[in-house]
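Breakdown of the fold
Read off the chains here:
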Amino acid sequence: MISVSRRSVRLYVAAALTGMLSLSGCSHSPNGVVQGALTGIGGQSAQGAVSAWSVSWSNQVKGASVSYSPDGASAGLKAFRDGQAHFTASGKPLPDTETATITGLCTSAGALSLVAGVLPVGVAVKIDGINDLVLDAPTLAAILRGHVDRWNDPQIAALNAEQSLPDRKIEVLAEEGPSETTRAVNTYLAKSLGASWSPPQPDRWPTDVKGLTGSQPRDLANKLDDTEGGMAVLDGSIIGNRFVATQLIFDGHARKMDAASVVDAVAAGEVTAMPRSVVQDLDYSAGYGLATVIYVNVCKQYIEEPLDRLARSFGETLLGEKAQKDANSYSFVMSPSKRAINEGLALVRTIGDAR
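Residues numbered from 1 in each chain as written. Predicted model: local features only at pLDDT ≥ 70, side-chain atom pairs only at ≥ 80, totals over all residues. Heavy atoms only, no water.

**Points about unusual backbone geometry**
- Positive phi values are uncommon outside glycine, yet Ser196 reaches one of about 50°.
- Within the secondary structure, Ser196 sits in the loop between helix 7 (180-191) and strand 7 (212-213).
- We classify Ser196 as exposed; its relative accessible area is 61%.
- For Asp251, which is not a glycine, the phi torsion comes out positive at approximately 55°.
- Assignment of secondary structure puts Asp251 in the loop between strand 10 (247-250) and strand 11 (253-255).
- What makes Asp251 exposed here is its relative accessible area of 53%. (Helix = DSSP H or I, 4+ residues; strand = E, 2+ residues; numbered from the N terminus. Buried < 20%, exposed > 50% of the residue type's maximum accessible area, 1.4 Å probe, protein only.)

**Remarks on helix 8 (residues 217-225)**
- Within the span of helix 8, buried status applies to Pro217, Leu220, Ala221 and Leu224. Along the axis of helix 8, the buried positions cluster into a sector of 100°, meaning they face one direction only.
- Summarising the contacts, the buried residues of helix 8 are in contact with strand 4 (111-126), strand 6 (171-175), strand 7, strand 8 (230-235) and helix 9 (236-239). (Arc of directions from axis to C-beta. Contact = heavy atoms within 4.5 Å.)

**Brief notes about the UniProt feature "domain: PBP" (unreviewed entry) in the protein chain**
- In this numbering, the UniProt entry assigns the feature "domain: PBP" (unreviewed entry) to residues 35-316.
- For the annotated span residues 35-316, helix accounts for 30% and strand for 26% of the residues, and the straight-line distance between the end C-alpha atoms is 15 Å. (UniProt positions renumbered as here; feature names shortened; annotations may be inferred.)

**Describing the environment of Asp235**
- Along the chain, Asp235 turns up in strand 8.
- In sequence terms Asp235 and Arg255 are 20 residues apart; their C-alpha atoms lie 16 Å from each other.
- Leaving out residues up to four positions away in the same chain, Asp235 has contacts with Leu119, Pro120, Val121 and Thr181.
- Within the local environment of Asp235, its side chain forms a polar contact with the side chain of Ser237, the two groups lying 2.4 Å apart. (Polar contact = N/O pair within 3.5 Å; in protein donor to acceptor, adjacent residues only side chain to side chain.)

**Some words on the nonpolar core**
- The biggest cluster of nonpolar side chains holds 105 residues, and the ones touching the most others in it are Trp53, Leu189 and Leu234.
- When residues in this core are grouped by element, the largest group, 11 residues, is from strand 4.
- Ignoring sequence-local partners within four residues, the contact set of Trp53 consists of Ala116, Ile294, Val296, Phe314, Leu318, Ala323, Gln324 and Ala327. (Core = buried A, V, L, I, M, F, W, Y, C linked by side-chain atoms within 4.5 Å.)

See below:
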């Protein structure tokens, strides 16, 4: 007998009783056929993308909606395991060995982990008169640790020979975490020669990083607005045209944090398809590879069959061309590679097949 919490039952009722669900859960079904609400909990980096996917889904499937709470990747996974959420989102994939054991609102069939988007991460700076700046991994690591603490330091000047850099103190602003954005930078620095970067946890800064604060990303951006000489690591949707995003060195080339360069890194990246997951890597030699890869985790089979159809419909929509374009337009989230999308869709369409 399957035992579920009262909270789990309430989640099922929210999804199933919002409206009648027909035998077809496909996103291209006639209006009114699929109705209901899904609850997701996960990382902040996925919030903009989930919002865009939800709007696209609601527009295509009348009566369908998503409620997403950005409580953090760890909190989201715990909620998913405990039956407090229908899905979760984070900046790392779940291995097949882990998805196979997840229950919560899932049956013994476990869960699926799908790559769903790529959110660029940038090093934002506010320096009066400076509209472009190049940093490499060893220099970024030295700045974060306070070993390089002025903008006209010779190490920075050597990378920006044509710039007149000010003799101004570097004010590092860093989110204390845990954070998917921090995870992306830790990965970049750990992979780069000369940075000597070994964080104690993948999603937290090393303890010697300067300027650690409990501020959330948007509050951190507001602080950067008021900090001349400031530097902060932020996701691309926050940076936008608001701050100067430094060029970073990848494979010996200075690359801008722009859509074309990120897409190059995605397109050349390796895709690993497994029975329960699809993983997207970024190719640092091909483009701007500093990014949070967003993964969405759903049940392969839910405890109630109507949820299978609802989740399958949402999954097909979010991996569809329209929703992916919306996430790019509204949240600067790039699409995974074509192979990753196709492999993900193939897995999504198996939701509920185990019945």
